[in-house]
Amino acid sequence: MQEKEIKISESLSGMLEQMDAPQVEMVRESFAFYMEQYETLRLTNNAESVSSAIHTAVSEAINEAVEESEHTPTCGKGCSFCCFQRVDISSDEATLILAYTKEIGFEIDYERLERQAKTKDEAEFNALTVIDRHCTFLNKENECSIYEHRPSACRKLVVMSDPSICDTVNNKGAEIGKIVSLEAEVMTSSSLNVRESGSMAKMILKQKKIKL
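No experiment lies behind these values; they were computed from the predicted model shown. (Residues numbered from 1 in each chain as written. Predicted model: local features only at pLDDT ≥ 70, side-chain atom pairs only at ≥ 80, totals over all residues. Heavy atoms only, no water.)

Peer 1: When you look at the overall build of the protein in this model, what are you seeing that I'm missing?
Peer 2: When you go through the protein residue by residue, the secondary structure sums to 10 helices and 2 strands. From first element to last, N terminus to C terminus, the protein shows the α and β order α-α-α-β-α-α-α-α-α-α-β-α. Relative to the compact-globule value of 17 Å for 212 residues, the protein shows a C-alpha radius of gyration of 17 Å, a close match. Seen through its C-alpha atoms, the protein measures out along the principal axes to roughly 45 × 40 × 35 Å. A buried classification covers 40% of the 212 residues belonging to the protein. Across the protein, every contact between residues at least 6 apart in sequence was considered, and the portion connecting residues at least 24 apart equals 76%. A total of about 12500 Å² of accessible surface is found on the protein, and carbon and sulfur atoms cover 50% of it. (Helix = DSSP H or I, 4+ residues; strand = E, 2+ residues; numbered from the N terminus. Rg over C-alpha atoms; globule rule 2.2 N^0.38 Å. Buried < 20%, exposed > 50% of the residue type's maximum accessible area, 1.4 Å probe, protein only. Contact = heavy atoms within 4.5 Å. Areas by Shrake-Rupley, 256 points an atom, 1.4 Å probe, with all protein chains shown as cover.)

Encoded structure:
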């Protein structure tokens, strides 16, 4: 029987490459611990409450990393360059997002999500027009409409370099300086392996039962 492929973030993969064997083993144990915790929580709690708990934990971990860092985050309100990138979420996060948008009366652009969902990987996603790569939850003021319940992938992205470098149109391929939390990376990646996961567009459409 073929083992299930484990999904980890690019940041976590890069961190593991810099570790020795004992450190890698510690990360594996932590990964397994968080997966077990997630599975246990889902036995008696719904997707919304568990996802919210994970989001809180991820935010706390990244905030701690920011406090311990010698660098100051340059991300600010209205800075939305990162909102034109492919983001992976779990099916539980998709459920939470759909519930929250219904609560606040936010109209999701499903046609844009369908165009995004048809891309097979990050390269194809980045080949879309700027308008089509635009996160459907980004409002006219370049602010996140679901900020309170934004995905873990968004929460753990904290930039310390010039925000303009994140511009995927004018600075495509530029090296971005980030403040990274190992714990936040492990928690996020582990949650994507417990439940079904994929691009935000695909997961939301699937939870909404919209076929491509």
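Peer 1: Sorry, what's going on with the environment of Thr 168 here?
Peer 2: Looking at the secondary structure, you find Thr 168 in the loop between helix H8 (152–155) and helix H9 (182–194). For the pair Thr 168 and Asp 20, spaced 148 residues apart in sequence, the C-alpha separation works out to 34 Å. Setting aside residues no more than four positions away along its own chain, Thr 168 makes contact with Phe 84, Gln 85 and Arg 133.

Peer 1: I would appreciate a short explanation of the pattern of salt bridges in the present structure.
Peer 2: Pairing of side chains with opposite charge becomes possible as their charged atoms draw close. The tally for this structure, following the rule as stated, stands at 8 salt bridges. When the shortest N-O distance is used, the salt bridge between Asp 109 and Arg 112 registers 3.8 Å. Accessibility expressed as a relative area gives 14% for Arg 112, which makes it buried. Ionic contacts of the salt-bridge type, sharing partners, join the residues Arg 42, Asp 92 and Arg 195 into one network. (Salt bridge = Lys/Arg side-chain N within 4 Å of Asp/Glu carboxyl O.)

Peer 1: How should the packing of helix H4 (residues 91–104) against helix H10 (residues 200–207) be read in this particular structure?
Peer 2: Any two packed helices are characterised by how steeply their axes cross, that is the angle between the axes, and by the distance between the axes. Between H4 and H10, whose axes approach to 9 Å, the crossing angle comes to 70°. Considering their axes alone, H4 and H10 lie roughly perpendicular with respect to each other. Between H4 and H10 the crossing geometry is right-handed. Residues Ser 91, Ala 94, Thr 95, Ile 97 and Leu 98 of H4 lie in contact with H10, whose contacting residues are Met 200, Met 203, Ile 204 and Gln 207. Here the residues of the contact of H4 with H10 are counted per class, giving 6 nonpolar, 3 polar and no charged. (Axes fitted to C-alpha atoms, helices over the stretch in contact; angles between N-to-C directions. Parallel < 35°, antiparallel > 145°, perpendicular 65-115°, else oblique. Left-handed = near helix turned anticlockwise from the far one by under 90°. Nonpolar A, V, L, I, M, F, W, Y, C, P; charged D, E, K, R; others polar.)

Peer 1: It is not clear to me how the packing of aromatic side chains should be interpreted in this structure. Could you clarify?
Peer 2: One pair of aromatic rings is described through two measures. These are the centre distance and the angle between the planes. Per the counting criterion, the structure on display carries 2 aromatic pairs. Both rings, one in Phe 33 and one in Tyr 34, keep their centres 5.4 Å apart while their planes meet at 65°; by these two values the pair is edge-to-face. For Phe 33, a relative accessible area of 43% gives the class partly exposed. Considering the side-chain rings of Phe 106 and Phe 137, the 5.7 Å spacing of their centres and the 40° angle between planes classify their relative orientation as tilted. On the criterion of sequence distance, the pair formed by Phe 106 in the loop between H4 and helix H5 (110–117) and Phe 137 in the loop between helix H7 (130–133) and H8 is long-range, its members being 31 residues apart. Between Arg 150 and the ring centre of Tyr 147, over which it is positioned, the NZ or CZ distance is 3.7 Å. (Phe/Tyr/Trp six-rings, centres within 6.5 Å; stacked < 30°, edge-to-face > 60°. Lys NZ or Arg CZ within 6 Å of the ring centre and 35° of its normal.)

Peer 1: Looking at this model, I keep getting lost on the environment of Ala 123. Mind explaining?
Peer 2: By secondary structure assignment, the location of Ala 123 is in helix H6 (residues 122–126). C-alpha of Ala 123 to C-alpha of Arg 86: the two residues are 37 residues apart in sequence and 9.4 Å apart in space.

Spatial relationships are all this shows, so hold off on functional conclusions.
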